[in-house]
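If you want the building blocks of each chain, they are given just below.
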Amino acid sequence: MSRSVACIDFRAGKVFIAKRQNTGDMGNRWEFPGGKIDQGEDFEKAIKREMQEEFGVSVDVGPYIASTSFMHKGKECFVDAFSVHFHEDGIERKFKLTEHTDYCWEDIDKIPELNFVDSDLQLYPAIKKWSETIN
């Protein structure tokens, strides 16, 4: 079993998404950024580490949003989505990308139209519903 986090920063009707590098099963697809939880980490520590590693930014971790599970190469995997708040927006000063080729703030309603990773699309209905409660 593996466990990962998806980080959801939602502002003014837009959600932060990132495009994965063109490697692996889900390469070159959009995602809610995040990653695997390392041994001994809790959700908050994993989220802060992943956002620092992937974008060179600090985040505040907010509430839990939703979870999903899926099978990958015969192994059950879990993804837990949490609200986060980037200390910067990546527009004025670009984020340093280490795991992605691009990022943007996208209208939450457009997510299903994008080439999004499968597990994040499973989270999308709950994230969309959650986003409607904070606007």
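Because the structure is a prediction, the values reported are computed rather than measured.

**Student:** Teacher, can you tell me more about helix α1 (residues 43–55) here?
**Tutor:** Along its 13 residues, α1 runs 18 Å from first to last C-alpha, staying within 8% of the 18 Å computed at 1.5 Å per residue. Contacts made by the buried residues of α1 are with β1 (2–8), β3 (14–20), β5 (34–36), β6 (59–72), β7 (75–86) and β8 (100–107). Capping of α1 at its N-terminal end is provided by Asp 42; its side-chain oxygen lies 3.3 Å from the backbone amide nitrogen of Glu 44.

**Student:** When you look at the nonpolar core in this model, what are you seeing that I'm missing?
**Tutor:** What tends to happen in soluble globular proteins is that the nonpolar side chains get buried as a cluster. In this structure, Ile 8, Val 15, Phe 32 and Ile 127 are the most contacted members of the largest nonpolar core, which totals 18 residues. Elements supplying a minimum of two residues to this core: β1, β3, β6, β7 and α2 (118–134). For this core, the element with the highest residue contribution is α2, accounting for four residues.

**Student:** What's the story with the pattern of salt bridges in this structure? I'm lost.
**Tutor:** Pairing between side chains of opposite charge can happen when the charged atoms of each approach one another. Using the criterion set out here, one finds twelve salt bridges in the structure. Three or more residues are tied together by salt bridges with common partners; here these are Asp 38, Glu 41, Arg 49, Glu 50 and Glu 53.

**Student:** Can you help me understand the side chain of Ser 119 in this one?
**Tutor:** Relative to the elements of secondary structure, Ser 119 occurs in helix α2. If near-sequence neighbours (up to four positions away) are discounted, Ser 119 is found in contact with Thr 68, Phe 70 and Val 79.

**Student:** Is there a simple way to think about the sheet that holds β5 in this case?
**Tutor:** In any sheet, the strands associate via hydrogen bonds between backbone groups, in a parallel or an antiparallel arrangement. The strand order β5-β1-β7-β6 describes an open sheet built from four strands, whose pairing is mixed. Of all strands in the sheet, those bounded by a partner on one side alone are β5 and β6. Direction aside, neighbouring strands of the sheet carry axes that sit 20 degrees apart on average. The strands touched by α2 are β1, β6 and β7; relative to β6, the strand with the most contacts, the crossing angle is about 140 degrees.

**Student:** How should I be thinking about the environment of Asp 120 in this particular structure?
**Tutor:** Considering the arrangement of structural elements, one finds Asp 120 in helix α2. For the pair Asp 120 and Asp 80, spaced 40 residues apart in sequence, the C-alpha to C-alpha distance is 9.9 Å. Beyond its immediate stretch of four places on either side in the chain, Asp 120 contacts Ala 6, Glu 31 and Phe 32. Polar contacts involving the side chain of Asp 120 include one to the main-chain amide nitrogen of Phe 32, which spans 2.7 Å.

**Student:** When you look at the pairing of β1 in this model, what are you seeing that I'm missing?
**Tutor:** In summary, the side chains of a regular strand alternate between the two faces of the sheet. Within β1, six of the seven residues are buried, which leaves it mostly tucked inside the rest of the structure. Relative to β7, β1 runs parallel, the two sharing seven bridges. Considered in β7, the bridge of Ile 8 is made with Ser 83. In terms of strand pairing, β1 meets β5 through three bridges, oriented antiparallel. Along β5, the bridge assignment pairs Ala 6 with Gly 34.

Scoring rules and cut-offs
- Residues numbered from 1 in each chain as written.
- Predicted model: local features only at pLDDT ≥ 70, side-chain atom pairs only at ≥ 80, totals over all residues.
- Heavy atoms only, no water.
- Helix = DSSP H or I, 4+ residues; strand = E, 2+ residues; numbered from the N terminus.
- Expected span 1.5 Å × (residues − 1).
- Contact = heavy atoms within 4.5 Å.
- Polar contact = N/O pair within 3.5 Å; in protein donor to acceptor, adjacent residues only side chain to side chain.
- Core = buried A, V, L, I, M, F, W, Y, C linked by side-chain atoms within 4.5 Å.
- Buried < 20%, exposed > 50% of the residue type's maximum accessible area, 1.4 Å probe, protein only.
- Salt bridge = Lys/Arg side-chain N within 4 Å of Asp/Glu carboxyl O.
- Pairing = 2+ DSSP bridges.
- Axes fitted to C-alpha atoms, helices over the stretch in contact; angles between N-to-C directions.

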